[in-house]
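One letter stands for each residue in the lines below.
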Amino acid sequence: MIGFWIAILSGALMSVQGVFNTQVTKQSGIWVASAFVQLSALLVCLAFWMIGDRSSFAALFRVEPKYTLLGGAIGALITYTVIKSMEQMGPARAVMFIVASQLIVAYGIELLGLFGTQKQPFEGKKLLGMGVMIAGIVIFKWT
């Protein structure tokens, strides 16, 4: 049950962050805002690391496969794309498309067993659920 609440908090924080980042971009520029977002994230992570985790940074050099270390670079692109989509579509519409895209791609990753995930069998009800979500987006967008 705690995972549910953490996911809800994550979604809420992502929406607020997107709005904040879009406002900063209007006054500074997208790459300046994105760099600041990543820098502030680094500082928060380092603070939490100093307070409690204290895992060795050397462990990063043993991570396999190496391409999984690209998460930070992908994070920079996520920051950029969230800012641009919110700027052009508004927060609600942008988040709907972002969440729909996340779900579709995540389900594809599970179905194919990509990136070290356990392959899952196809379930029609999950496809139906995605269809309902997409229908909801269409209704929201054009009403």
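Trainee: Just to check I follow, could you spell out the overall build of the chain for this structure?
Mentor: The secondary structure content of the chain amounts to five helices and zero strands. Reading the chain from its N end, one meets helices and strands in the order α-α-α-α-α. Dimensions of the chain, computed from the C-alpha atoms along their principal axes, are close to 45 × 45 × 30 Å. In the chain, which comprises 143 residues, the share counted as buried stands at 15%. Counted over contacts in the chain with a minimum sequence separation of 6, partners at least 24 positions apart contribute 53%. Looking at the chain as shown, the accessible area adds up to about 10,500 Å², and 74% of this sits on carbon and sulfur atoms. On the chain, the mean spot of the 10 positive side-chain charges and the mean spot of the 5 negative ones are 6 Å from each other.

Trainee: Which parts of the structure should I look at to understand the packing of aromatic side chains?
Mentor: Centre-to-centre distance and the angle between the planes together describe a pair of aromatic rings. All chains considered together, the criterion is met by four aromatic pairs. Arranged with centres 4.9 Å apart and planes meeting at 80 degrees, the rings of Phe4 and Trp5 form a pair that is edge-to-face. Arg54 extends its terminal NZ or CZ atom over the ring of Trp49, reaching a point 5.1 Å from the ring centre.

Trainee: Would you mind going over helix H1 (residues 2–28) with me for this structure?
Mentor: Three- or four-residue spacings in an α-helix give side chains the same orientation, since the helix completes a turn every 3.6 residues. Helix length check: H1, at 27 residues, gives a terminal C-alpha distance of 38 Å against a target of 39 Å (1.5 Å per residue), a fit within 8%. Turning to H1, its buried residues number three or more, namely Gly18, Asn21, Thr22 and Thr25. Along its buried surface, H1 packs onto helix H2 (30–53) and helix H3 (71–89). Downstream of H1 by one or two residues, Gly29 has phi in the positive range, about 125 degrees.

Trainee: Would you mind going over unusual backbone geometry with me for this structure?
Mentor: Note on backbone geometry: most residues besides glycine have negative phi, and most peptide bonds are trans. Cis geometry marks the peptide bond from Glu64 to Pro65; its omega dihedral reads -10 degrees. Of note, Pro65 is situated in the loop between H2 and H3. Of note in the backbone geometry, Arg54 takes a positive phi value of approximately 60 degrees without being a glycine. By secondary structure assignment, the location of Arg54 is in the loop between H2 and H3. The backbone of Phe115 shows a phi angle near 55 degrees, a positive value even though the residue is not glycine. In this fold, Phe115 is placed in the loop between helix H4 (91–112) and helix H5 (124–141). By relative accessible area, Phe115 is classed as exposed at 56%.

Trainee: Honestly, H3 in this entry has me stumped. Any pointers?
Mentor: If you check H3, its first and last C-alpha atoms are 26 Å apart, about what 19 residues at 1.5 Å a residue would give, namely 27 Å. Taken together, the buried positions of H3 are Gly75, Thr79, Val82, Ile83, Ser85 and Met86. Buried-residue contacts for H3 involve H1, H2 and H4. Where H3 ends, the next residue or the one after it, Gly90, has phi of about 90 degrees, a positive value.

Rules and cut-offs
- Residues numbered from 1 in each chain as written.
- Predicted model: local features only at pLDDT ≥ 70, side-chain atom pairs only at ≥ 80, totals over all residues.
- Heavy atoms only, no water.
- Helix = DSSP H or I, 4+ residues; strand = E, 2+ residues; numbered from the N terminus.
- Buried < 20%, exposed > 50% of the residue type's maximum accessible area, 1.4 Å probe, protein only.
- Contact = heavy atoms within 4.5 Å.
- Areas by Shrake-Rupley, 256 points an atom, 1.4 Å probe, with all protein chains shown as cover.
- Lys, Arg positive; Asp, Glu negative; His and termini not counted.
- Charge placed at Lys NZ, Arg CZ, Asp CG, Glu CD.
- Phe/Tyr/Trp six-rings, centres within 6.5 Å; stacked < 30°, edge-to-face > 60°.
- Lys NZ or Arg CZ within 6 Å of the ring centre and 35° of its normal.
- Expected span 1.5 Å × (residues − 1).

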